[in-house]
Amino acid sequence: MKQSFLDNLIKENEFPIIFIGSGITRRYFKDAPTWDKLLYILWNETNPTDNYYSAFHNLRKKLKILFISILVWLLR
């Protein structure tokens, strides 16, 4: 007999991770964080020594340099 998806989750004691838009969360949960705030919170929990905004800024700079390099290569 083939198990259903739900039966398998129950048997294996696993819970699915469901991603929904922030609009749904903020609509039904008072004081739910925005996506930016959630990323900030998670960043600080996993990288307490690195600053979220400086890491984001450094990543943007690296991506900008990469993008310009690719653009120059394509246009040569």
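Let me sum up the structure you'll find in this document. (Residues numbered from 1 in each chain as written. Predicted model: local features only at pLDDT ≥ 70, side-chain atom pairs only at ≥ 80, totals over all residues. Heavy atoms only, no water.)

## A word on the overall build of the protein chain
The helix and strand inventory of the protein chain stands at four helices and zero strands. Put simply, the protein chain runs from its N terminus to its C terminus through helices and strands in the order α-α-α-α. Within the protein chain, the fraction of its 76 residues that count as buried is 4%. In the form shown here, the protein chain has an accessible surface area of approximately 7,600 Å², with 64% of it arising from carbon and sulfur atoms. (Helix = DSSP H or I, 4+ residues; strand = E, 2+ residues; numbered from the N terminus. Buried < 20%, exposed > 50% of the residue type's maximum accessible area, 1.4 Å probe, protein only. Areas by Shrake-Rupley, 256 points an atom, 1.4 Å probe, with all protein chains shown as cover.)

## So, the pattern of salt bridges
Side-chain pairs of opposite charge can arise where the charged atoms are in close proximity. Taken as a whole, this structure holds one salt bridge when the rule is applied. Two residues, Glu12 and Lys11, come together in a salt bridge whose shortest N-O distance is 4.0 Å. (Salt bridge = Lys/Arg side-chain N within 4 Å of Asp/Glu carboxyl O.)

## A look at a nonpolar patch on the surface
On the surface, Leu59, Leu63, Leu66, Phe67, Ile68, Ile70, Leu71, Val72, Trp73, Leu74 and Leu75 cluster together to form a nonpolar patch covering roughly 1,100 Å² of accessible area. In this structure, Leu66 sits in helix H4 (residues 52-75). (Patch = residues over 30% accessible without salt bridge, like charges linked within 9 Å, V, L, I, M, F, W, Y side chains within 5 Å.)

## Concerning the packing of helix H3 (residues 35-46) against H4
For the pair H3 and H4, the least separation of the axes is 10 Å and the interaxial angle reads 105°. In terms of axis orientation, H3 runs roughly perpendicular to H4. Here Asp36, Leu39, Tyr40 and Trp43 of H3 come into contact with H4, specifically with Tyr52, Tyr53 and Ala55. For the contact of H3 with H4, a count of residues per class yields six nonpolar, no polar and one charged. (Axes fitted to C-alpha atoms, helices over the stretch in contact; angles between N-to-C directions. Parallel < 35°, antiparallel > 145°, perpendicular 65-115°, else oblique. Contact = heavy atoms within 4.5 Å. Nonpolar A, V, L, I, M, F, W, Y, C, P; charged D, E, K, R; others polar.)

Take it as geometry only, folks, not as evidence of what the structure does.
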